[in-house]
Amino acid sequence: MILFRYMALFFYYGVANKLPSASFTKLGVSLRRFCCGYIFRSQGCNVNIAKGVHFGRGANVSIGKNSGLGEGTYITTLGEVIIGDDVMIGPQVMILTGGHEYKDPNVLLREQNQSVKSVFIGDDVWIGARAVILPGVSIGNRAIVAAGAVVTKDVENNMIVAGNPAKIIGRVPMG
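How each quantity is defined
- Residues numbered from 1 in each chain as written.
- Predicted model: local features only at pLDDT ≥ 70, side-chain atom pairs only at ≥ 80, totals over all residues.
- Heavy atoms only, no water.
- Helix = DSSP H or I, 4+ residues; strand = E, 2+ residues; numbered from the N terminus.
- Buried < 20%, exposed > 50% of the residue type's maximum accessible area, 1.4 Å probe, protein only.
- Contact = heavy atoms within 4.5 Å.
- Pairing = 2+ DSSP bridges.
- Expected span 1.5 Å × (residues − 1).
- Arc of directions from axis to C-beta.
- Phe/Tyr/Trp six-rings, centres within 6.5 Å; stacked < 30°, edge-to-face > 60°.
- Core = buried A, V, L, I, M, F, W, Y, C linked by side-chain atoms within 4.5 Å.

Visitor: Explain the environment of Ile 168 to me, please; I cannot follow it from the model alone.
Guide: Tracing the backbone through its elements, the reader meets Ile 168 in strand E18 (residues 167–171). On the basis of relative accessibility, which here comes to 56%, the residue Ile 168 falls in the exposed class. With residues near it in sequence (within four places) discarded, Ile 168 still touches Met 159, Ile 160 and Val 161.

Put into structure tokens, the structure is as follows:
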């Protein structure tokens, strides 16, 4: 199985990642979905991975059914990234799971330990273009993250956040 995983990674980054997104043809989406079925920890049905999405080796990514990653999205996978069902992630979103410590004044910044924290994104979430989700953040169900927002803290269910750092600007109507 590990051989298939590495072959899928090679094909994904070498070919499938460069093919057009769904608006032009479904071939690219189908090939990326097929590859990610071997790469990701788990993948639901009807997942849409657009052109240019990067996720390192992808072994720590789980994505639910009917969810999509927009063009140019970048996910660091030092920690786990769990994306729920029916999630829309816009283009060029960054989901980060790691960084460097900085507290020891006797150690160069580049030589300090890594800090790794997982990211959780609930169901029925919309993340706008160029938003940044920082390590350790959980985004609740039916939340909206505005384009360009920098999410430094957890977002509760049904909340709309925007800005840098992201702050609550409203609630998603409930039916």
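Visitor: Sorry, what's going on with the sheet that holds strand E2 (residues 48–49) here?
Guide: In sheet architecture, strand pairing relies on hydrogen bonds along the backbone and comes in two forms, parallel and antiparallel. If you walk across this open sheet you meet the seven strands as E2-E4-E7-E12-E15-E17-E18, and the pairing is mixed. Edge strands, defined here as strands with exactly one partner in the open sheet, are E2 and E18. Direction of pairing for strand E4 (residues 68–69) relative to strand E7 (residues 88–89): parallel, over a ladder of two bridges. From the neighbouring strand, Gly 68 faces E7, where its bridge partner is Met 88.

Visitor: How should the pairing of E18 be read in this particular structure?
Guide: For a regular strand, the rule is simple: side chains alternate between the two faces of the sheet. By the bridge criterion, four bridges tie strand E17 (residues 159–162) to E18 in an arrangement that is antiparallel. Opposite Ala 162, over in E18, you have Lys 167 as the bridge partner. In this structure, the hairpin formed by E17 and E18 is closed by a connection of four residues, where Gly 163 is found at a positive phi of approximately 100 degrees.

Visitor: Would you explain the sheet that holds strand E6 (residues 81–83) in this entry?
Guide: Taken in spatial order, the five strands of this open sheet run E1-E3-E6-E11-E14, and their pairing is parallel. Here the strands that pair on one side only, and so sit at the sheet edges, are strand E1 (42–43) and strand E14 (138–139). Direction of pairing for E1 relative to strand E3 (residues 61–63): parallel, over a ladder of two bridges. Within E3, the residue paired with Ser 42 across the bridge is Ser 62.

Visitor: Can you walk me through helix H1 (residues 2–14) in this structure?
Guide: Side chains of residues three or four places apart in an α-helix project in the same direction, reflecting 3.6 residues per turn. Across its 13 residues, H1 extends 18 Å between first and last C-alpha, which sits within 8% of the 18 Å expected from 1.5 Å per residue. Turning to H1, its buried residues number three or more, namely Arg 5, Ala 8, Leu 9 and Tyr 12. Projection of H1 onto a plane perpendicular to its axis shows the buried side chains occupying an angular sector of 100 degrees, all on one side. Exposed and oriented more than 90 degrees from the buried face of H1 are Leu 3 and Phe 10. Taken together, the buried residues of H1 touch helix H2 (26–39) and E2.

Visitor: Quick question: what am I supposed to make of the packing of aromatic side chains here?
Guide: Geometry of an aromatic ring pair is reported as the spacing of the ring centres plus the angle between the planes. With the rule as written, the count across this model stands at six aromatic pairs. Measuring from centroid to centroid gives 5.8 Å for Phe 4 and Tyr 38, while their planes differ by 40 degrees, and the two rings are tilted. Taken together, the residues span a long stretch of sequence, with Phe 4 in helix H1 and Tyr 38 in helix H2 at a distance of 34 residues. According to the relative accessible area criterion, Phe 4 is partly exposed, its value standing at 47%. For Tyr 38, a relative accessible area of 31% gives the class partly exposed.

Visitor: How should I be thinking about the nonpolar core in this particular structure?
Guide: Membership of the largest hydrophobic core comes to 37 residues, with the highest contact counts inside it found for Tyr 12, Phe 55, Ile 89, Ile 95, Ile 121, Ile 127 and Ile 139. Those elements giving two or more residues to this core turn out to be H1, H2, E3, E6, strand E11 (119–121) and E17. Non-local contacts of Ile 89, meaning those with residues more than four positions away in its chain, are made with Gly 68, Leu 69, Gly 70, Thr 73, Ile 83, Ile 95, Ile 121 and Ile 127.

Visitor: For this particular structure, what's the right way to read H2?
Guide: Taking 1.5 Å per residue, 14 residues should reach 20 Å; H2 reaches 20 Å between its end C-alpha atoms and fits that length. Every buried residue of H2 is accounted for by Gly 28, Val 29, Arg 32, Cys 35, Cys 36 and Ile 39. For H2, the angular spread of buried residues about the axis comes to 135 degrees, placing them on one side. Every exposed residue of H2 that faces more than 90 degrees away from the buried side is listed here: Lys 26, Leu 27 and Phe 34. Along its buried surface, H2 packs onto H1, E1 and E2.

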